[in-house]
Each structure stands twice: as C-alpha cells, then as structure tokens.
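# Coordinate analysis (summary)
Spelled out, the chains give:
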Amino acid sequence: MQNHPVYTDNDPQNELSTLNLGPTHPATHGVFQNVLQLDGERIVSGVSTIGYIHRAFEKIAEHRPFYQITPLTDRLNYCSSPINNMGWHMTVEKLLGITTPKRVDYLRVIVMELARIADHIVCNGVLGVDTGAFTGFLYMMEFREAIYEIYEEVCGSRLTTNIGRIGGFERNFNSIAFAKLRKFLIDFPKTLKEFESLFNRNRIFVDRTKDVAAVTAEDALAYSWTGPLLRAAGVDYDVRAMNPYSSYEDFEFEVPVGTNGDVYSRFLVRNEEMWQSLRLIDQALTKLDKEPSDVFHADVPEFYLPPKEEVYNNMEALIYHFKIVMGEIPTPNTEVYHSVEGANGELGFYLVNDGGRSPYRLHFRRPSFINYQMYAPMSRGMLLSDAIINMSSLNVIAGELDA
Amino acid sequence: MAQIPNEELLKRIGEKFGEQVTLVGEPYGLLTVETSREQIIDLLTFLKTDPALKFIFLTDITGIHYPEQEKQIGIIYHLHSLTTNTRIRIKVFLVDGDVQIPTATVLWEGANWMERETYDFFGVIFDGHPDLRRILNVDDMTAFPMRKEFPLEDPNRVDKKDYFFGR
C-alpha cells in the first residue's frame, strides 16, 4: 500500500476537502458510499459505508425451504445469477448426498461459464467506459444479450434466472437453446478479439490502468481476496481447479494468472478467463454428444420438484410436490460448506441444518463483500481518477456486497 | 502438495494444544474442532504459521445462535491451506452476556469486515478490533437480528406452526 502524508488538525497546510463518492453515483456502479478526504486530487483517507440494499437474506433463508432459497441467491450477484443458483443447489445436493448424472454436470458447466462470460463482459466493458472508451462496451453488450437469450430458452427468465432444481434442471435444453449457443460460440470470439485489440495496446487505456492500484500477492491473501483479483496479483487459486465441482475435473482449461496485480492485469485476467470459458463450453458440448439426450436431472423424486403437468395429473407427483414444498421430507442434521468459483471469486455457502423445514443457519461467503473492504485502505495516496478506475476493476456488485 | 489427512492434522493440533482443542466431527470430510476464546488466537496463529500446515487463507468468519445451549453464541472460522488444499473449521462457543473474543485482524486484515458483520448480526465483541461498528444494519439499531429471539414473521401467526404438520 502506498505511503501518504499524515495531516493533523493543527497543520497549517491542512486544507482538505471531503468528497462523498456515492451512495448513488455512476462511478460507484451500485449503491455504496465512500467518504473521501482529498488533498487536491489526491486521496488522503477514506471510509467505506455499505449496507444500503441489505435485504436480510440470511435471516429470510432461516424461514424458507431449500427451493425457496434459490431466488435469494439469484439476487446476490445479479450479473451472473446462474452460478449462484447452481452453487446453492450443489450445496444442498452435497448435504443430501445426491449424485447428478454427467449430462447435468456438463449442462451446468455450460450455463455457469456463460454466466461468467456475461459478468466479465459487463466488468471489462464498463472499465473501458470509465476510461472514456464507450465503443468496446457497446460491442460486447450485444453478446450479453445473446447469453440472456440462451438463459431465456433454458428457464424462461433472463436476469434473475432461478435456473435449475436440486438434482438438475427443471426441463431439458431444447434445440433452439443449442442453436443459439452454437451461434454464440461462432460469433463471440471474433468480437472478443476485436475488443482485446481495441484496448490491449491502446495508449490511453494502458496509461490509465497500468501500475494503477497495484496489489501484492501478500496483501491480496491477507485481505482474503479471491477470483480474478487474487489471480491478477499472481496467486493461481481457482476453486474450479482446486476443488472441482460439477465435473470440472473432466475438462482441460488453464487458470490465467497475472503478475502486477494492477488494474491492467485484472483486465487481462478477465479477458483470458472469457477465452477459457469458451474453451470449457466447447468441450462440454462435445462431451454432451456422448451422453443420453433425455437426461436432465437426477432420479431423486423426494427432492426434485416434479413438472407442473404431472402434479396436476399424477397423484404420486402431487404428493411429492406437496412434501417438497412444505419441507416435509427429513434431511440430515449436520453442516456443510460448499464453494464455487463465482465471477468475482469464491462464493461459499455454509449451511447448518437441523433436519427442520429450512436451514438452521445459512451464511453466504460473498466475494464482493470480502474483496471490497480493501478499497478504502488501498485508495490512500491515489488520485481520485485512479480510484474510480480501481473501483470498476474490483467489479463490486451491490447485491453481493450487502446480501 | 497432497491434502493433509484429517487424522494427521488433528494429531498435529493435539500435540500442540492437547485437551484445549476438541474434535467436533468431520461432516463431509471437513475437520471441525472446537476451542476456547483463550486459545483461539494461538490456534489460528499455529495453523497459519506452521510450515507444514500453512493455513494462510482465511475463508470466512461467521456466527451462530443456539438459544437452548448453555453457551449460546458460536463463532465459526473457516481456514484454507492453499498449498495443501486442506480446509478446517474452528468453532468457539460463548455464554450470552459475555460474548468477547480476541480479534483475528492481528493475523488477517480481511477479518475486519467479517468480524464487523458477526458483531452486527450476533453482538459478538471482538477485543482489539480497530473499528467495531455495525456494517450492514443502521448504526442506531439496538438488536442483533440474527439471534433466534428475533422472528422474521409475525409471532402471532399460527398457520405455519410445526404441530399442524405432525412434528
């Protein structure tokens, strides 16, 4: 962290101004506040205030059956909701000892990697906007739209997806979803390449981001950073590689690692991750061809919600539906921690179950919450304009920050 | 490096701390131990600095409330050794009314907000914390809302009581 001058109240040169960055300001990308003390344009100190959209998710989760917690997870990181959904479903599956068929795992990999791309598109696009380059953002947003259309085909919704069920998916992927996915795989790399060439050697962009807000690996680890931010600082920790879930062990992919830990490294790491995600989706599609095409959930009728049509026409399905929705089926009295690699880092679910209808305690380890706490200390000594760029490179999502 | 087996990890901790750290269980393979607030910083320091264990990464700190137990308030730490890819869960239970525990910010800067959140939700006082204020709730709030005595719904509502469902 950079050294900064120390001011006292009696200092004749003490002419600091106070600037409220946020709570609602275009540069904060969400509702949270930083009260900054400025000496000219240089930040002397800062205090972060969060909690403006705190919605008490952990408390609500204590009163809801497992299925009704899925919509809460959607709203954590709303830029990549499927990762949150599936992380939660996998936690419950781990608790209940459910093994999912390979085809479900591969479909999950596809959806989660699409979500990661969608998240990085927004983050890197907006980083460009904050340096004054709007073009890249416009180029890329088209493909976030394409990803949302694939979600829409899979589950009917776009932003807060509620994708999936305990044990798999609510319905099978239709041919239109696959057609849209294939089209995405052909079109997106061209634009991503164009996007990279727009920025990677752009004098203004590189000058504004290189060596800005550089964080060492030690600092990043001390602050429990995860995800692209930690990897940009040179630590190759990726939950997908270290503790594979959803059969990530079957795939070949690299974990991009940066060297400087600065804004530019984070940008490069996220870009490279998008290429790796494309690679993963490509492999998953090949693997899917070898699996039976009609499997899309595990055979666990006591936990997998039956399709509505069956609920109306089949007595057994109706009974299961009732029992699942009312939380009548016994669950083990134990605790479980499961984590997935969210777009911002390790997204963990710590679930303490007492066999009741809803979790006794559910704690979300939200990467944005943990990543963001370094913002104020690291901004000291920085120029205000650099602090803005730094904030967009942290990719703080207010929903995930406050929960 | 290969993952440290739970037996070996427990043996190492046992050699150093003896009876002061007790085994709670291994739910889903994650070694869970319990200790006292007098030992917690020593235990965390040992786990972090021991050259063979290297639990350098603090994954999470959170709390839990068991109103029926004598020691009602629990603080739960999740550590991760990135070199050996081993995780460990540590629990400390405190009597309500005396919920003070030393801060882990002396070991990890990142414990700061996690402890503020635990204070905000459960009222745990972390001794030595540089800035122990509420973080997600408003400053003038007096309750600690994640404790079980604060129900989410109207307590007079009866249609969701367990006895209607044969429990």
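Above: the structure in question.
Notes on the structure follow. Quick caveat, the model's predicted, so the values are computed rather than measured.

This next bit is on the pairing of strand E6 (residues 361-365) of chain A. All names here are of chain A. For E6, the buried fraction is high: five of the five residues fall into the buried class. Pairing analysis gives five bridges linking strand E5 (residues 345-352) to E6, with the strands arranged antiparallel. Opposite Phe349, over in E6, you have Phe364 as the bridge partner.

Turning to helix H5 (residues 135-155) of chain A, a few remarks are in order. All names here are of chain A. Its 21 residues give H5 an end-to-end C-alpha distance of 31 Å, which sits within 8% of 30 Å, the value for a rise of 1.5 Å per residue. Among the residues of H5, those classed as buried are Gly136, Phe137, Met140, Phe143, Ile147, Tyr148, Ile150, Tyr151, Glu153, Val154 and Cys155. Positive backbone phi, approximately 95°, marks Gly156, located one or two places after H5.

Once that is clear, we can look at the interface of chain B and chain A. On the chain A side, the residues contacting the 48 residues of chain B number 48 residues. Between chain B and chain A the total buried area reaches about 4100 Å² when both faces are included, carbon and sulfur atoms providing 57% of it. Three residues stand out in chain B for area buried against chain A, namely Tyr28, Trp113 and Leu136 of chain B, and they jointly supply 19% of the buried area on that side. Remark: the boundary between chain B and chain A carries five salt bridges. Arg366 of chain A is paired through a salt bridge with Glu117 of chain B; the nearest N and O atoms lie 3.0 Å apart. Along the contact surface separating chain B from chain A lie 24 residue pairs in polar contact (both at pLDDT 80 or more). Counting only elements with at least two residues in the side of chain B that touches chain A, the list comes to strand E3 (57-65), strand E4 (73-81), strand E5 (86-94) and helix H3 (111-122) of chain B. At nine residues, the largest contribution of residues to the side of chain B that touches chain A is made by E3 of chain B.

Turning next to the side chain of Arg266 of chain A. Residues and elements named next belong to chain A. Inspection of the secondary structure puts Arg266 in helix H11 (residues 263-288). Buried charge without a salt bridge: Arg266, with Asp262 as the nearest opposite-charge side chain at an N-O distance of 6.6 Å. Among the polar contacts listed, one links the side chain of Arg266 to the side chain of Ser393, at a separation of 2.7 Å. Once you skip the residues sitting within four places of it in the chain, Arg266 turns out to touch Ala213, Val215, Trp225, Leu229, Ala232, Gly261, Met378, Asn390, Ser393 and Leu394.

With that out of the way, let us pick up the packing of H5 of chain A against helix H6 (residues 175-199) of chain A. Residue and element names in this part refer to chain A. Packing of H5 against H6 leaves a shortest axis separation of 10 Å and a crossing angle of 165°. Classified by the angle between their axes, H5 and H6 sit roughly antiparallel to one another. For H5 against H6, the interelement crossing comes out left-handed. Here the residues of the contact of H5 with H6 sort into 16 nonpolar, two polar and five charged.

Moving on: the layout of surface pockets. Looking at the second largest pocket, its volume works out to about 640 Å³. Lining the second largest pocket are 32 residues, and of these Lys94, Asn243, Pro244, Tyr245 and His338 of chain A sit closest to its centre. Sorting the residues of the lining of the second largest pocket by element identifies helix H3 (81-96), helix H4 (102-130) and strand E4 (335-342) of chain A together with E5 of chain B as the ones contributing at least two each. Among the elements that take part in the lining of the second largest pocket, E4 of chain A stands out by supplying five residues, more than any other. Residue composition of the lining of the second largest pocket, by class: ten nonpolar, 13 polar and nine charged.

Attention shifts here to the packing of aromatic side chains. Applying the stated criterion to the full structure yields 29 aromatic pairs over all chains. Measuring from ring centre to ring centre gives 6.1 Å for Tyr66 of chain B and Phe93 of chain B, while their planes differ by 45°; the resulting arrangement is tilted. Here Tyr66 of chain B, found in the loop between E3 and E4, pairs with Phe93 of chain B, found in strand E5; they are 27 residues apart in sequence, far enough to count as distant. Residue class for Phe93 of chain B comes out buried when judged on its relative accessible area of 12%. Here a set of aromatic residues connected by ring pairs shows up, and it is made of Phe32, Phe369, Tyr372 and Tyr375 of chain A together with Trp113 of chain B. The ring of Phe369 of chain A has Arg366 of chain A lying over it, and the distance from NZ or CZ to the ring centre is 4.5 Å.

What follows concerns the pattern of salt bridges. Residues and elements named next belong to chain A. Enumeration over the complete set of coordinates arrives at 32 salt bridges over all chains. When the shortest N-O distance is used, the salt bridge between Glu170 and Arg171 registers 2.9 Å. We classify Glu170 as partly exposed; its relative accessible area is 33%. Overall, Arg171 belongs to the partly exposed group, its relative accessible area being 35%.

Conventions adopted
Residues numbered from 1 in each chain as written. Chains lettered and ligands numbered in written order. Predicted model: local features only at pLDDT ≥ 70, side-chain atom pairs only at ≥ 80, totals over all residues. Heavy atoms only, no water. Buried < 20%, exposed > 50% of the residue type's maximum accessible area, 1.4 Å probe, protein only. Helix = DSSP H or I, 4+ residues; strand = E, 2+ residues; numbered from the N terminus. Pairing = 2+ DSSP bridges. Expected span 1.5 Å × (residues − 1). Contact = heavy atoms within 4.5 Å. Buried area = accessible area lost by both parts, 1.4 Å probe. Salt bridge = Lys/Arg side-chain N within 4 Å of Asp/Glu carboxyl O. Polar contact = N/O pair within 3.5 Å; in protein donor to acceptor, adjacent residues only side chain to side chain. Lys, Arg positive; Asp, Glu negative; His and termini not counted. Axes fitted to C-alpha atoms, helices over the stretch in contact; angles between N-to-C directions. Parallel < 35°, antiparallel > 145°, perpendicular 65-115°, else oblique. Left-handed = near helix turned anticlockwise from the far one by under 90°. Nonpolar A, V, L, I, M, F, W, Y, C, P; charged D, E, K, R; others polar. 1 Å grid on protein atoms, 1.4 Å probe; cavity = no way out; pocket = protein on both sides within 12 Å on 5 of 7 lines; lining within 4 Å. Points joined across faces, edges and corners; volume = space filled by probe spheres on them. Phe/Tyr/Trp six-rings, centres within 6.5 Å; stacked < 30°, edge-to-face > 60°. Lys NZ or Arg CZ within 6 Å of the ring centre and 35° of its normal.

Shape is all these values report; function is a separate question.
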